[in-house]
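Observations on chain architecture
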Amino acid sequence: METKMPMVLDVISENIIKHGSPLALKGSEVSSWAKELDLPAKGDVLFYTGGEYQMLPFIDSLVKTITHLDQGSKVFSMMMGARNILNKTGFSPEKMYASVLAKDKDRYNSVCFKAAKVLKELGYEFCYSGNEELYSGALLYELGYLQDMEDYVKRVVEVIKKSGAKTIVCLSPHAAEVFKFVYPKMVEGFDFEIRTYVDLVWERRDKLAKLQSAESVVIHDSCRLARELGIHQELRDILVSIGADVKEAPMNREWTSCCGGPIKILFPELSHVIGERRVTELKESGSAHILTSCPYCLSALEAGRAKGDSAVVEDLIEFLYRGVKA
Amino acid sequence: MTVDLRKDFVNYAKSLNAASEDKNIRTAISRAVTSYRNTVTETLERFPHTPALAEEVQEIKRQSMANLDNLLETAMASVERNKGKAFYAKDHQAALDIALGIIGKGKTVVKGKSMLGEELHLREYLEDNGNEVWETDLGEFILQLRKERPMHILSPSIHVPREQVAEVFTKFFGKVVPPDIAEEVKVVKEFLREKYFTADVGISGANVVAADTGAMVIIENEGNVRLATGAPPVHIVMVGVEKLVPTFQEAMKVAEVTWRYAQYGVPGYVNIVSGPSKTGDIEKVTTYGAHGPKEFYVIFVDNGRNEMAHEEKFSQALHCLRCGGCMYECPVFQVTAGHFGHTYMGGIGAIWTAFVSGGMEKAAPLVYSCLRCGRCVERCPMSINVPAMIGELRERVIYGKLEG
């Protein structure tokens, strides 16, 4: 029996399969952050972004479209088609994407740049697949498209293999999760060492620049990082080593409260409510400077911050990068 | 054939959004979550052996589900040996038919709280067939009057504040009931007291069933189950086959873990019922129906459970003790309560919906509103891997394997 699912699922899965990006972003868009860095295409360690931070501002735009339109309507299916149905309708996704604020685009695009700079500063050498890098397919796994994923991952692995790397460093815990737990089941001989950005920073945390003054911060543990990958103490170690005053939220580490991000594309309003509640919970720690280490948490908590809220939401990468610049 | 689920998703999203704006739900659940976390922490400190016992229970459950057919046979034989009557109901309709066959028409029935009862729409069915049925759990009684379904498995009327209770009671009892909790409890007590002693039949569920002895273990706090199963001349137990464990000793372990994670050091009452009431006090002649029921029936309900037990990826879902702990930890449930559910609620509820109560079409939207964040697994005394099962169900939905 065939099922007709909400269109947004079709769009996202087809975009991944056809374009290697959930929102059909072009390779050149996804890799533009790396222009000035001249990263090699080959090396032992592969720096992997999966285009996830880069696509965050566009997800919000997509979600806004969902929120304001009845999903059953014709207009909606046109909007949702984005690049997928470009040929059929002549509707330009660029128009939809153009509504994204330039400052958001710049901010999220530069996260990868900042991450690379921090790792360089710590003395790590790595390569990057640039235009060719493909999204890990984590959303195919998340949303149930496992059969499609089996075909898709072959292409991802091809690109990864080209780099000659033995180790993959993931910025997103979702990518790390699928590389670690799903790929080995789908691809024979997928024996790369999977690390996260946090792991690498943690190992050389002594080399990080110290903060000028003891800023107080609170960590939002990402579900995937804390529960699936077991990484939570490392975040605290890193922050303590640079002299931050780490406050703790009532629910943290393996008991962390989800940011609401995973249901954002299907249940945006509810996702928003959950994000808001998490921001409130985090602020109960006594710090309103929230740090996380996952693109979706970053975006969901940012959206959950009430208008005019004094809370600051940053990725750990953004926070550490300020030390690099100083 | 194509099943179009798009409208279902839209309607479901609307109901979740409405629920998340409901101040009563918000306040009640916030309060309940805080109290749950505090009490469980405190109780586990007082009884530190509990997590290890929970691990033991996981193994008991695993073995029991692997051996379900044998356990059922043993349990049915035990019930018969105890002079009760045992039935097996393959599906929903069979369960209702058997119950109605025992009860008949024009009877008064008092009922204890049971999720299986909700699954079967038991009260409505008996009422439609000419019986008067009373929910005796206070929360369920409130919902019966409000014609609503439970919003939590243990605290069904969690979303109804005292003012609204007073309103519905004032209307029902035909006299002013003030929004005072003690008063509200009192009027129901007086009303139901009379029902217990005039009822023809009492119906209950069971939290655990020991196959070796045929002992039904029923955990409660209000004392309503005690009365509903003790006073009427007939007691019918309706219980899902997943509640079976091999021995009495094991049943005690399951019971302790269940109430501990349902935030009780020890519950007010633990009822153990294994047959009709009897006495041999006069001339050692066994006579049935001494003070309690003369007739005792047990209906073991399958309704998709056996199929689940045979699915490698889902049999663990049958280990669920219904302690309700996961719901308090679920970020979606915290703002939507039972709206994140069909009969069964939360992430584990989505899985039960697929197999037992509603089917895949009803389950699909629920399955996609789970965050797969995994905090329920942290809380679950049975460590049920709900996120993995949700992933598996999503795959089935996407590729049109709707049979469950």
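Residues numbered from 1 in each chain as written. Chains lettered and ligands numbered in written order. Predicted model: local features only at pLDDT ≥ 70, side-chain atom pairs only at ≥ 80, totals over all residues. Heavy atoms only, no water.

Observations concerning the overall build of chain B
Across its full length, chain B carries 19 helices and 13 strands. For chain B, the C-alpha radius of gyration of 21 Å lies close to 22 Å, the compact-globule estimate for 404 residues. On the principal axes, the C-alpha backbone points of chain B span a range of 65 × 55 × 50 Å. Counting only contacts in chain B whose residues sit at least 6 apart along the sequence, the fraction spanning at least 24 positions is 74%. As displayed, chain B has an accessible area near 16,200 Å², and 51% of this comes from carbon and sulfur atoms. (Helix = DSSP H or I, 4+ residues; strand = E, 2+ residues; numbered from the N terminus. Rg over C-alpha atoms; globule rule 2.2 N^0.38 Å. Contact = heavy atoms within 4.5 Å. Areas by Shrake-Rupley, 256 points an atom, 1.4 Å probe, with all protein chains shown as cover.)

Things to note about the sheet that holds strand β8 (residues 312-315) of chain A
Residue and element names in this part refer to chain A. Strands sit in the order β6-β5-β7-β8 across an open sheet of four strands; the sheet is parallel. Two strands close off the open sheet at either side, each with one partner strand: β6 (245-247) and β8. When strand polarity is set aside, the average angle formed by the axes of neighbouring strands in this sheet is 35°. In terms of strand pairing, strand β5 (residues 216-220) meets strand β7 (residues 289-292) through three bridges, oriented parallel. The partner of I219 across the bridge, within β7, is L291. Across the face of the sheet, helix α13 (residues 233-241) comes into contact with β5, β6 and β7 while running at roughly 165° to β5. Running at roughly 140° to β5, helix α14 (residues 268-283) makes contact with β5 and β7 of the sheet. (Pairing = 2+ DSSP bridges. Axes fitted to C-alpha atoms, helices over the stretch in contact; angles between N-to-C directions.)

Details of the domain arrangement of chain A
All names here are of chain A. One can read the domain layout of chain A as domain 1 (7-200) and domain 2 (208-325). The partner domain 2 presents 31 residues to the 38 residues of domain 1 that form the contact. Between domain 1 and domain 2, roughly 3,100 Å² of surface is buried when both sides are summed, and carbon and sulfur atoms account for 72% of that area. Broken down residue by residue, the surface that domain 1 buries against domain 2 is led by R107, P173 and V198, which jointly contribute 19%. Seen at the junction of domain 1 and domain 2, the total is four salt bridges. In this structure, R107 engages E318 in a salt bridge whose closest nitrogen and oxygen atoms are separated by 2.8 Å. Linking domain 1 with domain 2 are seven residue pairs in polar contact (both at pLDDT 80 or more). (Domains from an automatic or database assignment. Buried area = accessible area lost by both parts, 1.4 Å probe. Salt bridge = Lys/Arg side-chain N within 4 Å of Asp/Glu carboxyl O. Polar contact = N/O pair within 3.5 Å; in protein donor to acceptor, adjacent residues only side chain to side chain.)

Let's talk about the domain arrangement of chain B
Note on interface size: it is often stated as the accessible area lost on association of the parts. Residues and elements named next belong to chain B. When cut into domains, chain B gives domain 1 (6-46 + 312-398) and domain 2 (66-303). Counting from both sides, the interface comprises 36 residues of domain 1 and, opposite them, 27 residues of domain 2. Surface buried jointly by domain 1 and domain 2 totals about 2,600 Å² across both partners, of which 62% is contributed by carbon and sulfur atoms. The tally of links between domain 1 and domain 2 comes to one salt bridge. A salt bridge links E242 to R322, with the nearest nitrogen and oxygen atoms 3.6 Å apart. Inspection of the region where domain 1 meets domain 2 yields eight residue pairs in polar contact (both at pLDDT 80 or more). Among the secondary structure elements, those contributing two or more residues to the side of domain 1 that touches domain 2 are α2 (23-46), α14 (325-329) and α16 (346-355). Ranked by residues supplied to the side of domain 1 that touches domain 2, first place goes to α2 with eleven residues. Of the residues assigned to the side of domain 1 that touches domain 2, the class counts are 22 nonpolar, twelve polar and two charged. (Nonpolar A, V, L, I, M, F, W, Y, C, P; charged D, E, K, R; others polar.)

Details of the interface of chain B and chain A
Taken together, the contacts link 41 residues of chain B with 37 residues of chain A. Taken together, the connections running from chain B to chain A amount to one salt bridge. Between R372(B) and E142(A) there is a salt bridge, with the nearest N and O atoms lying 3.0 Å from each other. In this assembly, chain B and chain A are joined by 17 residue pairs in polar contact (both at pLDDT 80 or more).

Some details on α16(B)
Among the ten residues in α16(B), ten count as buried, and that is most of the element. Contacts from the buried residues of α16(B) go to α13 (305-309), α14, α17 (360-369) and α19 (386-398) of chain B. (Buried < 20%, exposed > 50% of the residue type's maximum accessible area, 1.4 Å probe, protein only.)

Looking at the packing of aromatic side chains
All told, the structure shown has 28 aromatic pairs over all chains when counted by the stated rule. When the centroid spacing of 6.1 Å and the interplanar angle of 85° are considered together, the rings of F141(B) and F172(B) count as edge-to-face. Placement of the pair is F141(B) in helix α8 (residues 138-146) and F172(B) in helix α9 (residues 162-173), with a sequence separation of 31 residues. According to the relative accessible area criterion, F172(B) is partly exposed, its value standing at 34%. The interplanar angle of 75° and the centroid separation of 4.9 Å between the aromatic rings of F172(B) and F173(B) together place this pair among those described as edge-to-face. Seen from the ring of Y124(A), R204(A) lies directly overhead, with NZ or CZ sitting 3.8 Å from the centre. Just above the ring of F47(B) sits the side chain of R260(B); from NZ or CZ to the centre is 4.0 Å. (Phe/Tyr/Trp six-rings, centres within 6.5 Å; stacked < 30°, edge-to-face > 60°. Lys NZ or Arg CZ within 6 Å of the ring centre and 35° of its normal.)

Some thoughts on the nonpolar core
Core analysis: the largest hydrophobic core is formed by 215 residues, its most contacted members being F179(A), F300(B) and Y368(B). Non-local contacts of F179(A), meaning those with residues more than four positions away in its chain, are made with Y48(A), S136(A), V156(A), I160(A), I168(A), C170(A), P184(A), F190(A) and I194(A). Grouped together as the second largest cluster of nonpolar side chains are 22 residues, L96(B), V109(B), V201(B) and I299(B) included. (Core = buried A, V, L, I, M, F, W, Y, C linked by side-chain atoms within 4.5 Å.)

Some points on the confidence of the model for chain A
With 88% of its residues at a pLDDT of 70 or more, chain A shows a mean pLDDT of 89. Here residues 81-92 of chain A is a poorly scored stretch, pLDDT under 50, and it has 27 contacts once near neighbours within four places are set aside; other chains count. (pLDDT = per-residue confidence, 0-100.)

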